[in-house]
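# Summary of structural features
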Amino acid sequence: MDFSKKTVLKICWIYGAIVGLANFIGYLLPGTSNVPLDSSVDMTLWLSFLDRNNTFMTVISVLSFAIPVFCCYGYVKSAGKNLEKRIVNLPLAYSLFGSMGWILSFLIEVVTLMVVKFRYKIFIYQIVMTSFMYLIQEGLFIFALAFLILDTIHRHYFLPKYYPQGKLSKINGLKNPSIRLLFLIFYISIVFFPIFFLTSTIINLGNLNNIPINKSVFILILFILIFGITLLVIFTGTFSEPLKKLKSTANEIQKGNYDVRCNVVSNDAFGELSDTVNDMIVSLNEKTKKIYAIQDSIIRGMAVMVESRDNSTGGHINRTSDCVKVFVKKLQLTEKYKNLPDSFFKNVIKAAPMHDLGKIAVDDGVLRKPGKFTDEEYEKMKSHSAEGARIVEQVLKEADDSEFKKIAINVAHYHHEKWNGSGYPEKISGEQIPLEARIMALADVFDALVSKRCYKDSFSYEKAFSIIEESLGSHFDPELGKLFLESKKDLMELYDRY
């Protein structure tokens with residue numbers, strides 16, 4: 001999506017203002033920035049220094065909180081081609097930038113402490129540790145608060161407005177926050193931050209009043225943290241695993257695999273959703289089978305309609321289709337072809353009735369001629385291959401199965417090509433001829449040989465197989481032809497039934 005400069009500026013400054021507000025709230029929190037860790041001389045001297053330089057330190061604090069807002073704007077401004085990706089990821093990015101203010105403030109404070117150390121000869125270790133605890137505390141708080149606010153606005157206002165159709169997953173390079181990350185943020189907000197805040201306050205007040213802290217308090221706090229982390233891991237698994245399975249199932253459905261099932265077994269909402277998805281898959285599978293059955297019926301109906309115009313090839317469609325079935329079974333058992341996908345063989349069988357669809361474009365005077373063709377008539381008849389490919393492509397234009405579409409077009413277009421390149425319409429040779437067309441050529445010629453036509457009697461099986469054997473390497477693929485001859489018994493049994 002193309003965002004205008006006005007829209008980008010509006011989004012940047014609104015989100016940046018929210019980050020600034022979150023920082024300001026964090027700064028105002030009681031007990032985080034104004035209460036010393038202890039009442040030592042060093043701390044007293046440091047607080048005295050801060051008091052005398054209050055204006056300077058306030059300016060530094062304001063700058064440290066303002067800089068992240070400008071960083072947020074720069075993050076979007078420098079995006080270039082990645083603008084859309086960055087805008088969609090703004091809540092996470094801006095929340096991280098918001099935490100940077102506290103890191104910057106801490107670094108400035110450390111530098112200032114180093115200067116003060118040499119002037120007042122104070123020990124800064126305890127003060128630095130105090131500031132570091134505040135840094136962690138404030139950084140976590142700001143990140144969680146900013147992300148929750150920004151993500152809520154992003155999900156409920158921004159994304160629905162600018163992406164009403166959804167499809168965010170289609171944006172190149174977009175990295176969506178995982179369930180694990182979202183749970184971690186909620187954990188920091190609800191469990192970790194309050195406990196950390198409480199712990200630092202207890203330590204702070206205890207040291208300030210010279211009250212020793214009982215170890216049992218720390219053990220209890222540690223137990224609560226461990227318990228919280230355990231719950232986080234459990235809850236993350238509870239939500240992320242079913243979602244992974246649902247997504248995987250959805251991807252398989254998108255590929256057209258309706259045999260897949262979502263195996264989320266539970267009595268909660270995920271289990272209910274999984275059952276609904278599985279019911280949907282069954283329904284889609286049944287409807288898809290019906291659509292394919294209707295498509296096959298239409299295709300076969302068109303083939304029969306074409307065949308009915310040609311009084312010399314009655315039953316040719318059914319016979320060649322069954323001949324291809326027999327031959328395909330043989331190929332599936334051979335070393336060279338057994339590793340081809342089952343879908344290939346199924347689609348060759350399914351495409352076989354379409355091989356002569358182009359004859360619908362041939363004049364009746366030529367198509368129904370009782371004798372042999374003249375050279376001119378033969379040229380007109382040869383046009384049925386290319387015309388058939390064009391018709392098949394039009395008929396299957398909206399079909400989802402691209403493999404079947406390609407195989408059907410090849411069968412119609414190239415089934416009259418010859419291994420030595422003397423066939424038609426393209427005069428291609430050898431393995432340039434698609435395998436499906438080479439399979440169809442053998443079935444088509446065999447049926448023409450053993451069937452009675454108006455211009456010839458039917459040949460015996462022996463004669464037909466002999467002609468095919470003599471044509472190996474010239475008309476037919478020699479290796480494929482040998483396998484066809486090895487199917488002699490099954491082919492004879494098939495034609496005996498006719």
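Figured I'd write up the structure that's included with this text. The model shown is predicted, which means the values in this text are computed figures rather than measured ones. (Residues numbered from 1 in each chain as written. Predicted model: local features only at pLDDT ≥ 70, side-chain atom pairs only at ≥ 80, totals over all residues. Heavy atoms only, no water.)

## Overview of the overall build of the protein
Scanning the protein from N- to C-terminus turns up 19 helices and zero strands. Per-residue burial over the protein gives 43% buried out of 498 residues. The contacts in the protein between residues at least 6 apart in sequence include a share of 71% that link residues at least 24 apart. When the accessible surface of the protein is summed, it comes to about 27,800 Å², and 61% of that surface belongs to carbon and sulfur atoms. (Helix = DSSP H or I, 4+ residues; strand = E, 2+ residues; numbered from the N terminus. Buried < 20%, exposed > 50% of the residue type's maximum accessible area, 1.4 Å probe, protein only. Contact = heavy atoms within 4.5 Å. Areas by Shrake-Rupley, 256 points an atom, 1.4 Å probe, with all protein chains shown as cover.)

## Some words on the packing of aromatic side chains
Tallying each qualifying case throughout the model produces seven aromatic pairs. Arranged with centres 5.7 Å apart and planes meeting at 70°, the rings of F446 and F484 form a pair that is edge-to-face. Placement of the pair is F446 in helix α16 (residues 435–450) and F484 in helix α18 (residues 478–486), with a sequence separation of 38 residues. Of the residues examined, F446 reaches a relative accessible area of 0% and is grouped as buried. On the basis of relative accessibility, which here comes to 0%, the residue F484 falls in the buried class. On the basis of an interplanar angle of 85° and a centroid distance of 5.2 Å, the ring pair of F446 and Y495 is categorised as edge-to-face. With F446 in helix α16 and Y495 in helix α19 (residues 488–497), this residue pair connects regions lying 49 residues apart in the sequence. Aromatic rings pair up to connect F327, F446, F465, F484 and Y495 into one cluster. (Phe/Tyr/Trp six-rings, centres within 6.5 Å; stacked < 30°, edge-to-face > 60°.)

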